[in-house]
Amino acid sequence: MAATGLLVEIGDRLRLRREEMKLTQKQAGKLLEMSGTFYGEIERGNRRLSIEKMLLVRERMGLSLTWLLAGAKTGSIHEAVLCRYPGEDAERVERILRNLAKLCR
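Values in this document were obtained by computation on a predicted structure and should not be read as measured data.

About the cut-offs
Residues numbered from 1 in each chain as written. Predicted model: local features only at pLDDT ≥ 70, side-chain atom pairs only at ≥ 80, totals over all residues. Heavy atoms only, no water. Helix = DSSP H or I, 4+ residues; strand = E, 2+ residues; numbered from the N terminus. Patch = residues over 30% accessible without salt bridge, like charges linked within 9 Å, V, L, I, M, F, W, Y side chains within 5 Å. Areas by Shrake-Rupley, 256 points an atom, 1.4 Å probe, with all protein chains shown as cover. Salt bridge = Lys/Arg side-chain N within 4 Å of Asp/Glu carboxyl O. Buried < 20%, exposed > 50% of the residue type's maximum accessible area, 1.4 Å probe, protein only. Lys, Arg positive; Asp, Glu negative; His and termini not counted. Axes fitted to C-alpha atoms, helices over the stretch in contact; angles between N-to-C directions. Parallel < 35°, antiparallel > 145°, perpendicular 65-115°, else oblique. Contact = heavy atoms within 4.5 Å. Nonpolar A, V, L, I, M, F, W, Y, C, P; charged D, E, K, R; others polar. Phe/Tyr/Trp six-rings, centres within 6.5 Å; stacked < 30°, edge-to-face > 60°. Lys NZ or Arg CZ within 6 Å of the ring centre and 35° of its normal. Core = buried A, V, L, I, M, F, W, Y, C linked by side-chain atoms within 4.5 Å.

## Looking at unusual backbone geometry
For step 1, the next point in the chain: Phi is positive for K22, close to 60°, though the residue is something other than glycine.
For step 2, the next point in the chain: The topology assignment puts K22 in the loop between helix 1 (5-20) and helix 2 (25-31).
For step 3, the next point in the chain: Positive phi outside glycine occurs at E33, with the angle close to 60°.
For step 4, the next point in the chain: Counting through the fold element by element, E33 comes out in the loop between helix 2 and helix 3 (36-43).

Shown next, in the form of structure tokens:
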């Protein structure tokens, strides 16, 4: 499969996040339940992420799917904060944000 512009852009955003997390391609692949070689192909834009793998990217790498797919940041500070905290941490942060919002009312 030849690299397309969109796949290359998605791969670039994945690479940036992986580097922020200080992971190798092999480590990122393991985190997303795929081989490091396959993950590298995704970063280069030669392979596509399945929907299931996109959800793992959101959960385990803390990337907003809006950012991953379109490169667009949403206007929501809430989502911007939550995307930095994967899994259970996101739930805790979301509860804190809700409680803060209540205090500000």
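## Here we look at a nonpolar patch on the surface
For step 1, the next point in the chain: On the surface, I96, L100 and L103 cluster together into a nonpolar patch covering about 330 Å² of accessible area.
For step 2, the next point in the chain: Locating L100 in the fold gives a position in helix 7 (residues 88-104).
For step 3, the next point in the chain: Look at L100 and you get partly exposed, because its relative accessible area is 44%.

## Comments concerning the pattern of salt bridges
For step 1, the next point in the chain: Inspection of the entire model under this criterion finds 5 salt bridges.
For step 2, the next point in the chain: Put simply, R17 and E20 hold a salt bridge, and the shortest N to O gap is 3.1 Å. On the criterion of helical spacing, the pair formed by R17 and E20 is a turn pair, its members being 3 residues apart in helix 1.
For step 3, the next point in the chain: When its relative accessible area of 54% is taken as the criterion, E20 is described as exposed.
For step 4, the next point in the chain: The salt bridge involving R44 is made with E41; its shortest N-O contact spans 3.0 Å.

## Topic: the side chain of K53
For step 1, the next point in the chain: Among the secondary structure elements, K53 is positioned in helix 4 (residues 51-61).
For step 2, the next point in the chain: Despite its burial, K53 pairs with no opposite charge, the nearest such side chain being E33 at 4.2 Å.

## Considering the packing of helix 1 against helix 3
For step 1, the next point in the chain: Axis separation between helix 1 and helix 3 bottoms out at 7 Å; the angle between their running directions is 120°. With respect to their mutual orientation, helix 1 and helix 3 come out oblique. Judged by residue contacts, L7, V8, G11, D12, L14, R15 and R18 of helix 1 engage Y39, I42 and E43 from helix 3.
For step 2, the next point in the chain: Among the residues forming the contact of helix 1 with helix 3, the class breakdown is 5 nonpolar, 1 polar and 4 charged.

## Concerning the packing of aromatic side chains
For step 1, the next point in the chain: Inspection of every chain in the model, using the stated rule, returns 0 aromatic pairs.
For step 2, the next point in the chain: The lysine or arginine in question, R13, covers the ring of W67, its NZ or CZ lying 5.7 Å from the ring centre.

## Focus: the nonpolar core
For step 1, the next point in the chain: Counting residues in hydrophobic clusters, the biggest one holds 14 residues, and the most contacted among them are L14, L32, Y39, L49, V57 and L68.
For step 2, the next point in the chain: Residue contributions to this core peak at 4 residues, all from helix 4.

So yeah, pure geometry; function would need other evidence.
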